[in-house]
Amino acid sequence: MKSKWSITVLGTIAAMGLQACASFQPLYGTNGLEQSQVVSDLSDIHIPPAKERVGQLIRNNLISTMSPPGQEGSGRYQLIIQPASNDFDVTVERNTDVSRRSYRLKVQYALRDSQSGQRIYTGKTFSEVNYDKVTSEFTNLQARNNARERAALEVSRDIRIRLSAFFASRGNS
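Because the structure is predicted, anything quoted here is derived from the model rather than measured.

Examining the overall build of the protein chain
The helix and strand tally for the protein chain stands at four helices and four strands. Per-residue burial for the protein chain yields a buried fraction of 29% across its 173 residues. Counting only contacts in the protein chain whose residues sit at least 6 apart along the sequence, the fraction spanning at least 24 positions is 62%. In the form shown here, the protein chain has an accessible surface area of approximately 11,300 Å², with 53% of it arising from carbon and sulfur atoms.

With respect to the packing of aromatic side chains
Within the structure shown, the criterion is met by four aromatic pairs. Ring centres of Y77 and F167 lie 5.2 Å apart, and the angle between their planes is 50°; this geometry places the pair in the tilted category. Remark: F167 occurs in helix α4 (residues 137–170) and Y77 occurs in strand β2 (residues 77–92); sequence separation between them is 90 residues. This pair shows no difference in class: Y77 is buried, exactly as F167 is. Members of the aromatic cluster, connected to one another through ring pairs, are Y77, Y109, Y121, F166 and F167.

Some points on the nonpolar core
Within the largest apolar cluster, 29 residues are counted, with the highest numbers of intra-cluster contacts made by I45, I58, L79, L105 and I159. Looking at this core, the elements with two or more residues in it are α2 (37–43), α3 (53–66), β2, β3 (98–113), β4 (119–132) and α4. Residue contributions to this core peak at nine residues, all from α4. Residue contacts for I159: discarding those within four places in its chain leaves I58, L62, L79, V107, Y109 and T125.

Some remarks on the side chain of R59
With respect to the secondary-structure elements, R59 resides in helix α3. A distance of 3.3 Å separates a polar side-chain atom of R59 from the backbone oxygen of P48.

As for the side chain of N140
Along the polypeptide, N140 turns up in helix α4. With near-sequence residues (within four places) excluded, N140 lies in contact with Y131, D132, K133 and V134.

A few points about the packing of α3 against α4
Relative orientation of the contacting elements α3 and α4 amounts to 45°, with a least axis distance of 9 Å. One element, α3, and the other, α4, form an angle in the oblique class. When you trace α3 past α4, the crossing you get is right-handed. Residues R53, V54, L57, I58, N61, L62, T65 and M66 of α3 pack against R148, E149, A152, L153, V155, S156, I159, R160 and L163 of α4.

Thoughts on the pattern of salt bridges
Under the criterion given, the structure shown has seven salt bridges. A salt bridge links D132 to R100; its shortest N-O distance comes to 2.6 Å. You can see D132 sitting in strand β4 and its partner R100 sitting in strand β3, a full 32 residues away along the chain. Between D158 and R162 there is a salt bridge, and its shortest N-O distance comes to 3.0 Å. Here R162 and D158 lie together in helix α4, a separation of four residues that amounts to about one turn. A relative accessible area of 23% places D158 in the partly exposed class. Given a relative accessible area of 32%, R162 falls into the partly exposed group. The network of salt bridges with shared partners includes D41, D44 and R76.

Criteria and thresholds
- Residues numbered from 1 in each chain as written.
- Predicted model: local features only at pLDDT ≥ 70, side-chain atom pairs only at ≥ 80, totals over all residues.
- Heavy atoms only, no water.
- Helix = DSSP H or I, 4+ residues; strand = E, 2+ residues; numbered from the N terminus.
- Buried < 20%, exposed > 50% of the residue type's maximum accessible area, 1.4 Å probe, protein only.
- Contact = heavy atoms within 4.5 Å.
- Areas by Shrake-Rupley, 256 points an atom, 1.4 Å probe, with all protein chains shown as cover.
- Phe/Tyr/Trp six-rings, centres within 6.5 Å; stacked < 30°, edge-to-face > 60°.
- Core = buried A, V, L, I, M, F, W, Y, C linked by side-chain atoms within 4.5 Å.
- Polar contact = N/O pair within 3.5 Å; in protein donor to acceptor, adjacent residues only side chain to side chain.
- Axes fitted to C-alpha atoms, helices over the stretch in contact; angles between N-to-C directions.
- Parallel < 35°, antiparallel > 145°, perpendicular 65-115°, else oblique.
- Left-handed = near helix turned anticlockwise from the far one by under 90°.
- Salt bridge = Lys/Arg side-chain N within 4 Å of Asp/Glu carboxyl O.

What follows is the structure, encoded as structure tokens:
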């Protein structure tokens, strides 16, 4: 008798679990016919060209992950990004040669409605990437450029995820 009751309870719990899973939808998922509203909203974002290299890197990463290949956002929304970066020493050896540096990238961003110009979402994010400093200047420049690219990629991923969560929490816009 106890085993029949246990099987019934377990079956009910399993059915309830499957029922709960039916209401979940992947953030970037499709229903087989059309793209999700989040994907559509992300592809509607226009990002103005940046003036400095790190801004260009962030912009390019965002465009390549939010818009269809080879296209830029249609312009329903506008994303303004304001990057600021600096380098600083992490460790110093006894002979005062710096052996480790850090590249810090901070970005403020604002999503605006293109028609009204009103801000609808703002945020801040950052990334800090370390790199080695050696005696070769060329190697140091390459290491710094690599650190800048890694930081820009990390920041752009964070911005995309935050924008996706924002659009998902708004529901149908």
